[in-house]
Amino acid sequence: RSEHTMILYRKGASLRVLVRFSGSVLPSAALVATYSAVVAVLLQIYVPEKSLDKIFDDPYPFQPVAHIVGVAIVFATNVAYLRYWESCSSVTYMSARWGDAVATALSFDELRRGGEPADPVERRAAWRERRLSQASILHLASLLHGLALLYLRRDSQGDVASLMHADSADY
């Protein structure tokens, strides 16, 4: 197993995420917390209570800790915000590239070898056939885009049926 694997989150599993150890800082933080708890218990047992009360009279020891924690929270929030917008930009870029591919396919479908038929009935039939072909390309590309977004959202596969029409099997 790779050391840097992506964590997959499933919808509706918010409580399980809180107690998950894979990819979590809880195991390493538990070691530091245990050490701190042991030191606190030893101080409570062996140092007189009057000495402990004097330690906490001055607020200076807490100010640097508060500043460091504040900067760390702002930094972590900024990183999460940038990752969110990077994913939004990537999905928008993917959609734009697929739109370009569909536009190119539709423009190639407009071209004909040999030109337009001379007979108006044949011309109308050729026009109708071309429009049905373009509608099929557009429908399948839209379905592909919807399935890609469904995959990115990690929805259940039961929702795929809601994207498909009864006539999709004809394409």
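Definitions and cut-offs
- Residues numbered from 1 in each chain as written.
- Predicted model: local features only at pLDDT ≥ 70, side-chain atom pairs only at ≥ 80, totals over all residues.
- Heavy atoms only, no water.
- Helix = DSSP H or I, 4+ residues; strand = E, 2+ residues; numbered from the N terminus.
- Buried < 20%, exposed > 50% of the residue type's maximum accessible area, 1.4 Å probe, protein only.
- Areas by Shrake-Rupley, 256 points an atom, 1.4 Å probe, with all protein chains shown as cover.
- Salt bridge = Lys/Arg side-chain N within 4 Å of Asp/Glu carboxyl O.

Enquirer: Just checking my understanding: could you explain the overall build of the protein chain for this structure?
Expert: Tallying secondary structure elements over the protein chain gives six helices and zero strands in all. When its helices and strands are written in sequence order, the protein chain yields α-α-α-α-α-α. When burial is assessed residue by residue, the protein chain has 9% of its 171 residues classed as buried. Total accessible area on the protein chain stands at roughly 14,600 Å², and carbon and sulfur atoms take up 65% of it.

Enquirer: What am I meant to see in the pattern of salt bridges here?
Expert: When their charged atoms lie close together, side chains carrying opposite charge are able to pair. Under the defined criterion, the tally for this structure stands at three salt bridges. Asp100 is the salt-bridge partner of Arg97, the closest N and O atoms lying 3.2 Å from each other. Of this pair, Arg97 and Asp100 are both found in helix α4 (residues 62-110), three residues apart, which corresponds to roughly one turn of the helix. Glu110 is the partner of Arg130 in a salt bridge, and the nearest nitrogen-oxygen pair spans 3.8 Å. Of this pair, Arg130 sits in helix α5 (residues 120-153) while Glu110 sits in helix α4, and the two are 20 residues apart along the sequence. Among the residues examined, Glu110 registers a relative accessible area of 36% and is labelled partly exposed.

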